[in-house]
Amino acid sequence: MLPPYVAPSQLVPDLRAHGHGVISPAGLREWIAADAAELQALEASWDALPPDGYLRDGGRYRRRRHSCFVADGATLSTSPHRAHWQPVAYNALHGGIERWFEPMEAELVARPVWSRLLLRMAEACSVLKGARPWFIEAHQFRIDTTDGIGRPTPEGAHRDGVDFVAVLLINRRGLKGGETRVFEAEGPNGIRFTMSEPWTTLMLDDERVIHESTPIQPLSADAQHSAHRDTLVLTFRQGGFQGP
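Here is a short report on the structure shown in this document. (Residues numbered from 1 in each chain as written. Predicted model: local features only at pLDDT ≥ 70, side-chain atom pairs only at ≥ 80, totals over all residues. Heavy atoms only, no water.)

1. A word on the pairing of strand 9 (residues 201–205)
Taking burial as the measure, the five residues of strand 9 include five buried ones, the bulk of the element. The alternating pattern of strand 9 places T201, M203 and D205 and L202 and L204 on opposite faces, both of which are buried. Relative to strand 9, strand 5 (residues 164–173) runs antiparallel, the two sharing five bridges. Paired with A166 across the strands is M203, a residue of strand 9. (Buried < 20%, exposed > 50% of the residue type's maximum accessible area, 1.4 Å probe, protein only. Helix = DSSP H or I, 4+ residues; strand = E, 2+ residues; numbered from the N terminus. Pairing = 2+ DSSP bridges.)

Spelled out as C-alpha coordinates, the structure:
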(Lines give C-alpha, C1' and ligand atoms only; values in the text may rest on other atoms or scores of the structure.)
Protein backbone atom coordinates (compact mmCIF):
# COMPACT_ATOMS: atom_id res chain seq x y z
CA MET A 1 0.00 0.00 0.00
CA LEU A 2 1.29 3.47 -0.90
CA PRO A 3 2.02 6.02 1.85
CA PRO A 4 -0.86 8.44 2.59
CA TYR A 5 1.06 11.49 1.41
CA VAL A 6 -0.11 14.98 2.37
CA ALA A 7 1.11 18.39 1.27
CA PRO A 8 3.88 19.86 3.45
CA SER A 9 1.44 22.50 4.68
CA GLN A 10 -0.80 19.70 5.99
CA LEU A 11 1.92 17.84 7.93
CA VAL A 12 1.53 19.74 11.21
CA PRO A 13 -2.30 19.66 11.07
CA ASP A 14 -2.14 15.88 10.46
CA LEU A 15 0.21 15.43 13.41
CA ARG A 16 -2.17 17.45 15.57
CA ALA A 17 -5.25 15.56 14.41
CA HIS A 18 -3.96 12.00 14.04
CA GLY A 19 -0.53 11.79 15.65
CA HIS A 20 1.21 11.08 12.33
CA GLY A 21 1.79 12.51 8.88
CA VAL A 22 3.69 11.54 5.73
CA ILE A 23 5.16 13.74 3.02
CA SER A 24 6.57 12.66 -0.30
CA PRO A 25 10.18 13.19 -1.42
CA ALA A 26 9.04 16.19 -3.47
CA GLY A 27 7.12 17.44 -0.45
CA LEU A 28 10.20 17.17 1.74
CA ARG A 29 12.29 19.11 -0.76
CA GLU A 30 9.67 21.84 -0.82
CA TRP A 31 9.36 21.86 2.97
CA ILE A 32 13.09 22.31 3.66
CA ALA A 33 13.92 24.29 0.50
CA ALA A 34 16.31 21.65 -0.84
CA ASP A 35 17.00 20.26 -4.27
CA ALA A 36 17.38 16.56 -5.05
CA ALA A 37 21.16 16.77 -5.43
CA GLU A 38 21.58 18.13 -1.89
CA LEU A 39 19.75 15.18 -0.39
CA GLN A 40 21.39 12.63 -2.66
CA ALA A 41 24.79 13.89 -1.51
CA LEU A 42 23.97 12.57 1.98
CA GLU A 43 23.21 9.03 0.85
CA ALA A 44 26.78 7.74 0.38
CA SER A 45 27.33 7.96 4.12
CA TRP A 46 25.08 4.92 4.61
CA ASP A 47 27.69 2.79 2.82
CA ALA A 48 30.10 3.36 5.71
CA LEU A 49 28.05 2.33 8.75
CA PRO A 50 29.74 0.06 11.34
CA PRO A 51 27.95 -3.07 12.57
CA ASP A 52 25.58 -2.76 15.52
CA GLY A 53 27.27 -4.78 18.27
CA TYR A 54 24.35 -4.65 20.69
CA LEU A 55 21.72 -6.81 18.97
CA ARG A 56 20.36 -9.14 21.62
CA ASP A 57 18.65 -11.46 19.16
CA GLY A 58 22.02 -12.65 17.85
CA GLY A 59 21.52 -11.10 14.42
CA ARG A 60 24.11 -9.46 12.18
CA TYR A 61 21.66 -7.54 10.02
CA ARG A 62 21.97 -3.99 11.42
CA ARG A 63 24.59 -1.27 10.90
CA ARG A 64 24.27 2.19 12.40
CA ARG A 65 25.74 5.51 13.52
CA HIS A 66 24.35 7.89 16.13
CA SER A 67 24.87 11.58 16.94
CA CYS A 68 23.07 14.18 19.04
CA PHE A 69 22.10 17.79 18.38
CA VAL A 70 20.21 20.65 19.99
CA ALA A 71 17.90 22.86 17.95
CA ASP A 72 17.22 26.20 19.64
CA GLY A 73 15.32 28.60 17.43
CA ALA A 74 17.34 29.08 14.26
CA THR A 75 20.49 27.50 15.72
CA LEU A 76 21.54 23.87 15.48
CA SER A 77 24.49 22.74 17.59
CA THR A 78 26.21 19.37 17.77
CA SER A 79 26.28 17.86 21.26
CA PRO A 80 29.26 16.00 22.72
CA HIS A 81 29.12 12.36 21.74
CA ARG A 82 27.03 10.32 24.14
CA ALA A 83 25.52 6.88 24.54
CA HIS A 84 22.07 6.06 23.24
CA TRP A 85 19.85 4.98 26.13
CA GLN A 86 16.20 3.98 26.40
CA PRO A 87 14.23 2.75 29.41
CA VAL A 88 13.06 -0.86 29.40
CA ALA A 89 9.47 0.42 29.42
CA TYR A 90 9.95 1.66 25.85
CA ASN A 91 12.41 -0.92 24.54
CA ALA A 92 12.10 -4.28 26.26
CA LEU A 93 14.83 -5.81 24.08
CA HIS A 94 17.57 -3.19 24.23
CA GLY A 95 16.43 -0.83 26.98
CA GLY A 96 18.28 -0.16 30.21
CA ILE A 97 21.79 -0.23 28.74
CA GLU A 98 24.09 2.47 27.42
CA ARG A 99 24.79 1.76 23.75
CA TRP A 100 27.80 3.57 22.31
CA PHE A 101 27.70 3.83 18.52
CA GLU A 102 30.17 5.54 16.21
CA PRO A 103 29.17 9.18 15.50
CA MET A 104 27.90 10.35 12.17
CA GLU A 105 30.53 11.46 9.67
CA ALA A 106 31.55 15.10 10.04
CA GLU A 107 31.15 15.74 6.31
CA LEU A 108 27.46 14.82 6.43
CA VAL A 109 26.71 16.87 9.53
CA ALA A 110 28.47 19.92 8.05
CA ARG A 111 26.27 20.06 4.96
CA PRO A 112 23.80 22.98 5.04
CA VAL A 113 20.88 20.74 4.06
CA TRP A 114 21.42 18.71 7.24
CA SER A 115 20.86 21.76 9.43
CA ARG A 116 17.85 22.86 7.40
CA LEU A 117 16.27 19.42 7.76
CA LEU A 118 16.63 19.24 11.54
CA LEU A 119 15.69 22.86 12.17
CA ARG A 120 12.58 22.62 10.00
CA MET A 121 11.40 19.55 11.90
CA ALA A 122 12.18 21.19 15.23
CA GLU A 123 10.13 24.18 14.12
CA ALA A 124 7.17 21.87 13.49
CA CYS A 125 7.62 20.40 16.98
CA SER A 126 7.54 23.91 18.46
CA VAL A 127 4.35 24.75 16.56
CA LEU A 128 2.71 21.75 18.21
CA LYS A 129 4.13 22.04 21.74
CA GLY A 130 5.47 25.58 22.08
CA ALA A 131 8.83 27.12 21.29
CA ARG A 132 11.70 25.56 23.24
CA PRO A 133 15.05 23.84 22.62
CA TRP A 134 14.70 20.39 21.11
CA PHE A 135 17.16 17.62 21.96
CA ILE A 136 17.62 15.54 18.82
CA GLU A 137 19.10 12.08 18.45
CA ALA A 138 19.96 11.10 14.87
CA HIS A 139 20.30 7.45 13.91
CA GLN A 140 21.55 6.16 10.56
CA PHE A 141 20.41 2.58 10.00
CA ARG A 142 21.16 -0.03 7.37
CA ILE A 143 19.17 -3.26 7.70
CA ASP A 144 20.38 -6.04 5.41
CA THR A 145 19.43 -9.64 4.70
CA THR A 146 22.79 -11.29 5.32
CA ASP A 147 21.11 -13.68 7.75
CA GLY A 148 18.28 -14.32 5.28
CA ILE A 149 16.03 -11.85 7.11
CA GLY A 150 16.51 -8.39 8.56
CA ARG A 151 14.47 -6.75 11.32
CA PRO A 152 14.12 -2.95 11.20
CA THR A 153 12.41 -2.97 14.61
CA PRO A 154 13.49 -6.11 16.49
CA GLU A 155 11.82 -4.72 19.62
CA GLY A 156 8.41 -4.84 17.88
CA ALA A 157 5.76 -2.14 17.92
CA HIS A 158 6.99 0.54 20.29
CA ARG A 159 7.27 4.13 21.41
CA ASP A 160 10.67 5.80 21.81
CA GLY A 161 10.05 7.79 24.99
CA VAL A 162 10.43 11.17 23.26
CA ASP A 163 8.04 13.83 21.97
CA PHE A 164 8.31 13.32 18.21
CA VAL A 165 9.92 10.82 15.85
CA ALA A 166 10.75 11.21 12.16
CA VAL A 167 11.52 8.22 9.94
CA LEU A 168 13.02 8.96 6.52
CA LEU A 169 13.62 6.28 3.93
CA ILE A 170 17.03 6.74 2.32
CA ASN A 171 17.02 3.72 0.04
CA ARG A 172 15.80 0.14 -0.37
CA ARG A 173 17.34 -2.37 -2.76
CA GLY A 174 16.61 -5.95 -3.73
CA LEU A 175 14.14 -6.72 -0.97
CA LYS A 176 10.54 -7.34 -0.06
CA GLY A 177 8.79 -6.48 3.20
CA GLY A 178 9.61 -3.51 5.39
CA GLU A 179 6.02 -2.39 5.76
CA THR A 180 5.53 0.59 8.09
CA ARG A 181 2.76 0.25 10.68
CA VAL A 182 1.47 3.04 12.93
CA PHE A 183 -1.15 2.41 15.62
CA GLU A 184 -2.91 4.54 18.21
CA ALA A 185 -1.29 3.98 21.59
CA GLU A 186 -4.68 4.18 23.31
CA GLY A 187 -7.09 3.10 20.61
CA PRO A 188 -7.93 0.60 17.88
CA ASN A 189 -7.03 2.56 14.76
CA GLY A 190 -3.90 2.35 12.65
CA ILE A 191 -2.41 2.65 9.18
CA ARG A 192 0.03 0.51 7.20
CA PHE A 193 2.00 1.32 4.08
CA THR A 194 5.35 0.69 2.41
CA MET A 195 7.93 3.42 2.03
CA SER A 196 9.63 2.82 -1.33
CA GLU A 197 10.70 6.25 -2.65
CA PRO A 198 13.93 7.65 -1.19
CA TRP A 199 13.30 10.58 1.16
CA THR A 200 9.72 9.64 1.94
CA THR A 201 9.27 11.17 5.39
CA LEU A 202 7.03 10.04 8.24
CA MET A 203 6.60 12.12 11.40
CA LEU A 204 5.02 10.73 14.56
CA ASP A 205 3.75 12.10 17.85
CA ASP A 206 5.47 9.58 20.10
CA GLU A 207 3.07 10.14 22.99
CA ARG A 208 0.05 9.21 20.89
CA VAL A 209 1.14 6.41 18.57
CA ILE A 210 3.30 3.29 18.46
CA HIS A 211 5.13 2.19 15.34
CA GLU A 212 7.07 -0.66 13.77
CA SER A 213 8.46 -1.87 10.44
CA THR A 214 8.04 -5.49 9.41
CA PRO A 215 11.03 -7.76 8.62
CA ILE A 216 12.68 -7.66 5.21
CA GLN A 217 13.76 -10.54 2.97
CA PRO A 218 15.78 -10.63 -0.26
CA LEU A 219 13.86 -10.78 -3.51
CA SER A 220 16.05 -13.71 -4.60
CA ALA A 221 18.81 -15.93 -3.24
CA ASP A 222 21.31 -13.97 -5.34
CA ALA A 223 20.30 -10.76 -3.56
CA GLN A 224 20.73 -12.07 -0.01
CA HIS A 225 24.08 -10.39 0.57
CA SER A 226 23.28 -7.13 -1.21
CA ALA A 227 19.65 -6.37 -0.31
CA HIS A 228 19.29 -3.60 2.25
CA ARG A 229 17.01 -0.88 3.61
CA ASP A 230 18.54 2.43 4.70
CA THR A 231 16.73 4.85 6.99
CA LEU A 232 17.37 7.99 9.00
CA VAL A 233 15.51 8.15 12.31
CA LEU A 234 15.36 11.45 14.20
CA THR A 235 13.89 11.81 17.68
CA PHE A 236 12.91 15.14 19.25
CA ARG A 237 12.64 15.50 23.02
CA GLN A 238 12.08 18.51 25.25
CA GLY A 239 13.98 19.01 28.47
CA GLY A 240 17.10 16.99 27.66
CA PHE A 241 18.39 13.73 26.25
CA GLN A 242 17.32 10.39 27.69
CA GLY A 243 19.81 8.83 30.07
CA PRO A 244 20.04 6.39 32.97
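2. Thoughts on the packing of helix 1 (residues 8–18) against helix 5 (residues 112–129)
Where helix 1 meets helix 5, the axes come as close as 10 Å, and the angle between the chain directions of the two elements is 45°. Here helix 1 lies oblique to helix 5, going by the angle between them. Of the two possible hands of crossing, helix 1 and helix 5 adopt the one that is right-handed. Contacts between helix 1 and helix 5 involve V12, L15 and R16 on the former and, on the latter, A124, V127 and L128. In the contact of helix 1 with helix 5, the residues fall into five nonpolar, no polar and one charged. (Axes fitted to C-alpha atoms, helices over the stretch in contact; angles between N-to-C directions. Parallel < 35°, antiparallel > 145°, perpendicular 65-115°, else oblique. Left-handed = near helix turned anticlockwise from the far one by under 90°. Contact = heavy atoms within 4.5 Å. Nonpolar A, V, L, I, M, F, W, Y, C, P; charged D, E, K, R; others polar.)

3. Points about the packing of helix 2 (residues 25–32) against helix 5
Remark: helix 2 packs on helix 5, axes separated minimally by 9 Å, with the N-to-C direction vectors making an angle of 90°. The angle between helix 2 and helix 5 places the two elements in the roughly perpendicular class. Residues L28, W31 and I32 of helix 2 pack against V113, R116, L117, R120, M121 and A124 of helix 5. For the contact of helix 2 with helix 5, the per-class residue count stands at seven nonpolar, no polar and two charged.

4. Brief notes about the environment of M1
Assignment of secondary structure puts M1 in the segment before helix 1. For M1 and R192, which are 191 residues apart along the polypeptide, the C-alpha to C-alpha distance reads 7.2 Å.

5. Observations concerning the sheet that holds strand 10 (residues 209–213)
Judged by pairing direction, the sheet is antiparallel, and its three strands sit side by side in the order 8-7-10 without closing on themselves. Edge positions in the sheet fall to strand 8 (190–194) and strand 10, since each has one partner strand and no second. Strand-to-strand twist in this sheet, taken as the mean axis angle between neighbours without regard to direction, amounts to 15°. The pairing of strand 7 (residues 179–184) with strand 8 spans five bridges and is classified as antiparallel. What sits directly across from F183, in strand 8, is G190.

6. Examining the nonpolar core
Counting residues in hydrophobic clusters, the biggest one holds 40 residues, and the most contacted among them are W114, L234 and F236. Contacts of W114, omitting those with residues within four sequence positions, involve F69, L76, M104, L108, V109, A138, L232 and L234. In this structure, V22, F193, M195 and V209 belong to the second largest nonpolar core, which totals 13 residues. (Core = buried A, V, L, I, M, F, W, Y, C linked by side-chain atoms within 4.5 Å.)

7. A closer look at the pattern of salt bridges
Applying the stated rule across the entire model yields twelve salt bridges. The partner of R116 in a salt bridge is E38, and the shortest N-O contact between them spans 3.0 Å. Residue R116 is found in helix 5, and its partner E38 is found in helix 3 (residues 36–43); the two are separated by 78 residues along the sequence. For E207, the salt bridge identified is with K129, shortest N-O distance 2.6 Å. Taken as a pair, E207 in the loop between strand 9 and strand 10 and K129 in helix 5 lie far apart in primary sequence, 78 residues in all. If you follow the salt bridges from partner to partner, you end up with D47, R142 and D230 in one network. (Salt bridge = Lys/Arg side-chain N within 4 Å of Asp/Glu carboxyl O.)

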